Each structure stands twice: as structure tokens, then as C-alpha cells.
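Okay, here's what each chain looks like letter by letter:
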Amino acid sequence: MIKATNLTKRFDDNVALASLTTEITAGSIYGLVGSNGAGKSTFLRLIAGVYHADEGSIQVDGQPVFENSQVKDKIFFLADELFFFSNYTMNQMAKFYSGLYTNWSQKIYNQLCVTFPVNANKRINTFSKGMQRQVAVILALSTRPEILLLDEAFDGLDPVIRGLVRKILADEVANRGITVIISSHNLRELEDLCDQVGVLHHGKILFQRDIDDLKLGFFKVQCAFKPLPEKTAFSGLDLLQFDTRGSLVNLIARGKRDEILEYIEKMSPLFVETIPLTLEEVFIHEMEAVGYDYSNILF
Ligand SMILES: Nc1ncnc2c1ncn2[C@@H]1O[C@H](COP(=O)(O)OP(=O)(O)OP(=O)(O)O)[C@@H](O)[C@H]1O
């Protein structure tokens, strides 16, 4: 488990992380979303032990990370700005990493070289941005990390490669129980991948939820009546949104699908159907409920 307690990091008088406290469960994929400058990279760098906290602590399985080589050996941090030695090929970088990480797997590396369309013997600095990111992902996975920190890892990857990386990450979590933390500006990108999402804003986690709880806890309902009941007839539902057009009612309610449907069926609708909300819609409503305007935070 990764545990941050009152984690604070300043750069001169700029507070990048402001007493951030959170826990990230081992064996899960955690999505860290937030706008530019929210503190995502700083948080990942603190988890990786690249930075030392000014105040508070960050622990991995109860151990501090900073200057702790045993813990750092289990972590791979894939930064948003990639670094490769100039003129190196991927094979040469792989040789370098194999000496650095005790869990390096040449077998996995060889497999990934076949899976990804990258030439391992060509100089990396001749590759496109997306190809360089593929190289970084291959090297990261070959170190067999227990904790993989990905800073905007999907940036520049085409949809096919994105799909491939998502599948590999999901397999790594399912088969090896690794923990993945992935930062992004885009909630939609994380929707099908993460178990948990945290929203970082001005250096604090504003909001953190299990995705399954979120997705299964809200429903959009469309129903029609003749005659149309008063809005008060729906007051037994936990309504987040309600509007009518002619005999049609569109509402968003919090709760279990069966219970919402049962409540509406008792009002004898002409028809009723439920549609699950997208993760983005759920966030808009959940964050509004705690007094935040989602559009100011993630767009
Ligand atoms: N090395 C640094 N020196 C000075 N200030 C920094 C440094 N790194 C980050 N900051 C500042 O800390 C704050 C948080 O930055 P950070 O890079 O963590 O945000 P982010 O959420 O990753 O942003 P982005 O989405 O733009 O990558 C910003 O105000 C940034 O200017």
C-alpha cells in the first residue's frame, strides 16, 4: 500500500503539494487526474523518491521511499519527459536498465520487442514521439516493477498502441498484482482502466472514489407518463437532475438500479429505461454535491 500523510512540497514560495493525505491500495490501478499545475507530477516524483517531502511522509508498504534503495528498486517511474542516452538504441538502453534493476526480465523484454512495432537496433533519437514513448513503456515493463508510476503515459500513443498498453497493464495487475498509478488530464482516458480515481487540485486530493461504486451508484432514467405526475411524486428518489419535456421525464438519480426502477414502475409509466452514466457525468454530479465546479478543475 502507498500511504501519503500530510505530504507537502514547495518550490520556493510555490506550494506544489499542500498537505496531501491519501492511501492507494496495492494491486490496483489508480488514476490521478487534474489540470495543468495541479501537482500530479510532483506527487508521482515523491512516491518514486525523486523528491524529498518538505513536510509529511510517503510510505510504500510501511517503508519511507526517499534514499531507500530497497523500496526504490520495486518502483519504476515513467516521467512525462522521456530520457534516453543520446545515440542509444533500445537494446543498448535495455542493457543499461538490466544492470540497474534487480528484477529486470530479458524474457519479457524480448516478448515486448515482438509485441510492439519498434526497431530495437535503431537509434531512439530518430524515433517519433509516440515511438519513443513505446520504447519507454517496453523498458518500464521489463524492469518488472511492483509499482509502476506513469506520468501521462498515453501522450502521443496512437489508439492501437494505447489499447495494447491498457491490456498489458490490466494483465500485469491481474497476474502479478502490481500497483499502477497513472496521471492524466483526461478522465475518459482512464475510465475503462482504473479501479480508483483521485482528483488533484491545487496540491490536494479533492475527491477519490472507487470507479465501480461510482458507476453502479448513479443512473440516468428516461420515462414517459400520461398524465405527467408532479415533481413531488419523485421525491422518494435521490435526485441529482430532473427535467420534463411534454410527457417525457429525464432524471439522474443516485441509488441501486432495481430500486430506482421499482419506485418509478409504481407510478405506472408508459415506459421506463435506465442508462448508466459515463464516469465524467458521475464526477460532475459527485463533485457538485461537495461544492466544486468540475469544469473549473478538469478542463
Ligand atoms: N522543479 C520545479 N521547480 C519549480 N516549480 C515546480 C517544479 N516542478 C513543479 N513545479 C510547480 O509545482 C506545481 C505543480 O506542478 P506539477 O508539475 O506537479 O503539476 P502537474 O499536475 O503535473 O501539471 P501538468 O499537468 O501541467 O504536467 C506547479 O505550480 C509547478 O509550476
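Here, the structure is the one placed above.
Let me begin by describing the structure that accompanies this report.

Rules used throughout
Residues numbered from 1 in each chain as written. Predicted model: local features only at pLDDT ≥ 70, side-chain atom pairs only at ≥ 80, totals over all residues. Heavy atoms only, no water. Patch = residues over 30% accessible without salt bridge, like charges linked within 9 Å, V, L, I, M, F, W, Y side chains within 5 Å. Areas by Shrake-Rupley, 256 points an atom, 1.4 Å probe, with all protein chains shown as cover. Salt bridge = Lys/Arg side-chain N within 4 Å of Asp/Glu carboxyl O. Lys, Arg positive; Asp, Glu negative; His and termini not counted. Charge placed at Lys NZ, Arg CZ, Asp CG, Glu CD. Helix = DSSP H or I, 4+ residues; strand = E, 2+ residues; numbered from the N terminus. Buried < 20%, exposed > 50% of the residue type's maximum accessible area, 1.4 Å probe, protein only. Polar contact = N/O pair within 3.5 Å; in protein donor to acceptor, adjacent residues only side chain to side chain. Contact = heavy atoms within 4.5 Å. Near = heavy atom within 4 Å. Nonpolar A, V, L, I, M, F, W, Y, C, P; charged D, E, K, R; others polar.

A short note on a negative patch on the surface
The grouping of Asp195, Asp210, Asp212 and Asp213 at the surface amounts to a negative patch. Mapping Asp195 onto the fold places it in the loop between α7 (187–190) and β9 (196–201). For Asp195, a relative accessible area of 39% corresponds to the partly exposed category.

Considering the side chain of Thr143
Along the chain, Thr143 turns up in the loop between α5 (129–142) and β7 (147–151). A polar contact of 2.7 Å, which involves the side chain of Thr143, links it to the backbone oxygen of Ala140. Contact partners of Thr143, with chain neighbours within four places excluded, come to Phe76, Tyr101, Asn103 and Trp104.

Describing the site of the ligand
Looking at the ligand, there are 14 residues lining it, with Asn36, Gly37, Lys40, Thr42 and His185 nearest. The backbone of Ala38 places a nitrogen or oxygen atom 3.1 Å from an oxygen atom of the ligand. Contact distances for the ligand include 2.8 Å between an oxygen atom and a side-chain N or O atom of Ser41. For the ligand, whose accessible area on its own is 630 Å², the fraction buried by protein is 64%. Within the residue set of the shell around the ligand, elements represented by two or more residues are β2 (14–24) and α1 (40–48). A per-element tally of the shell around the ligand places α1 first, with 3 residues. Among the residues making up the shell around the ligand, the classes are represented as 4 nonpolar, 8 polar and 2 charged.

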